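Fold and contact review
Listed below are the residues making up each chain.
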Amino acid sequence: LEQIFRYIGVQSQDAIDVVYRKGAPSGVVWVTPNPWIVSSDMNTYDNLTWPLKDEMDDIPVANLGNVRVRYGNYEGYNFALIAVPQTGSTIPTKLLVYNLDTIKPAVWTLPATQEITALHYWVNPSTNLPQILWSVDDEKMYTFNVAQSQDLSSSDVAASFTATAQTTWQDFGSPHIRKSL
């Protein structure tokens, strides 16, 4: 028996998810107790942690069990969404978002009032559109809405506004991204 994966255990059952490309399962992404972000096609694995090492090192060790990993896709993009707690928080309020096709990360910080207790991805049957949903302790569900952009008001509450100008030029390597001005 050959041991292929060493030192890369899964932190918890919520810290691993199957990922897809072109509608077919292509592997898994998970967070280890180290904490590392690992991607695997079940033959080899890659450590995706380095671009987000500071964010991963900020996770309090006692709160690693609260990390959530989910797959999501939108307009042809495939994402690994990793919800992590910030320093001083026990519940995730920050999303580390990996584009699985380009392996480019982004950090989305949510308002402190929207701590992620559960993270879900589904295709809404009434609209046939994918949605990323998260829930908070007060039993409310939130979703990202591409028709709205949000900024924080002075009271740390998200305030929506409509993006009125969009362009498809200057894609910077990402031709499907719309730029809002």
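First things first, this report covers the structure right here in the doc. Treat the numbers as computed from the prediction; the structure is a model and nothing was measured.

Structural notes on the packing of aromatic side chains
By the definition in use, this model includes three aromatic pairs. Here the aromatic rings of tyrosine 71 and tyrosine 121 are separated by 5.6 Å at their centres, their planes lie at 80°, and the arrangement is edge-to-face. Residue tyrosine 71 is located in strand β5 (residues 68–74), and its partner tyrosine 121 is located in strand β9 (residues 118–124); the two are separated by 50 residues in the primary sequence. An aromatic cluster of at least three residues, connected via ring pairs, comprises Tyr20, Tyr71 and Tyr121.

A closer look at the pairing of strand β2 (residues 24–31)
Relative to β2, strand β1 (residues 16–21) runs antiparallel, the two sharing six bridges. Across the sheet, the residue bridging to aspartate 17 is valine 29, located in β2. Between β1 and β2, which pair antiparallel in sequence order, lie two residues; one of them, lysine 22, sits at a positive phi of approximately 55°. From the end of β2 to the start of strand β3 (residues 37–40), which pair antiparallel, there are five residues.

A word on the pattern of salt bridges
Under the definition given, this model contains four salt bridges. Between arginine 68 and aspartate 14 there is a salt bridge, with its nearest N and O atoms 3.5 Å apart. Of this pair, arginine 68 sits in strand β5 while aspartate 14 sits in the segment before β1; the two residues are 54 residues apart in sequence, bridging distant segments of the chain. Judged by relative accessible area, which is 13%, arginine 68 ranks as buried. Residues arginine 21 and aspartate 101 are paired through a salt bridge, measuring 3.2 Å at the closest nitrogen-oxygen approach. Of this pair, arginine 21 sits in strand β1 while aspartate 101 is found in the loop between β7 (94–99) and β8 (104–109), placing the two residues 80 residues apart along the sequence. Residue arginine 21 is classed as partly exposed on the basis of its relative accessible area, which comes to 33%. Given the relative accessible area of 41%, aspartate 101 is considered partly exposed. Through salt bridges with shared partners, one network takes in Asp14, Arg68 and Arg70.

Thresholds, definitions, all that
Residues numbered from 1 in each chain as written. Predicted model: local features only at pLDDT ≥ 70, side-chain atom pairs only at ≥ 80, totals over all residues. Heavy atoms only, no water. Phe/Tyr/Trp six-rings, centres within 6.5 Å; stacked < 30°, edge-to-face > 60°. Helix = DSSP H or I, 4+ residues; strand = E, 2+ residues; numbered from the N terminus. Pairing = 2+ DSSP bridges. Salt bridge = Lys/Arg side-chain N within 4 Å of Asp/Glu carboxyl O. Buried < 20%, exposed > 50% of the residue type's maximum accessible area, 1.4 Å probe, protein only.

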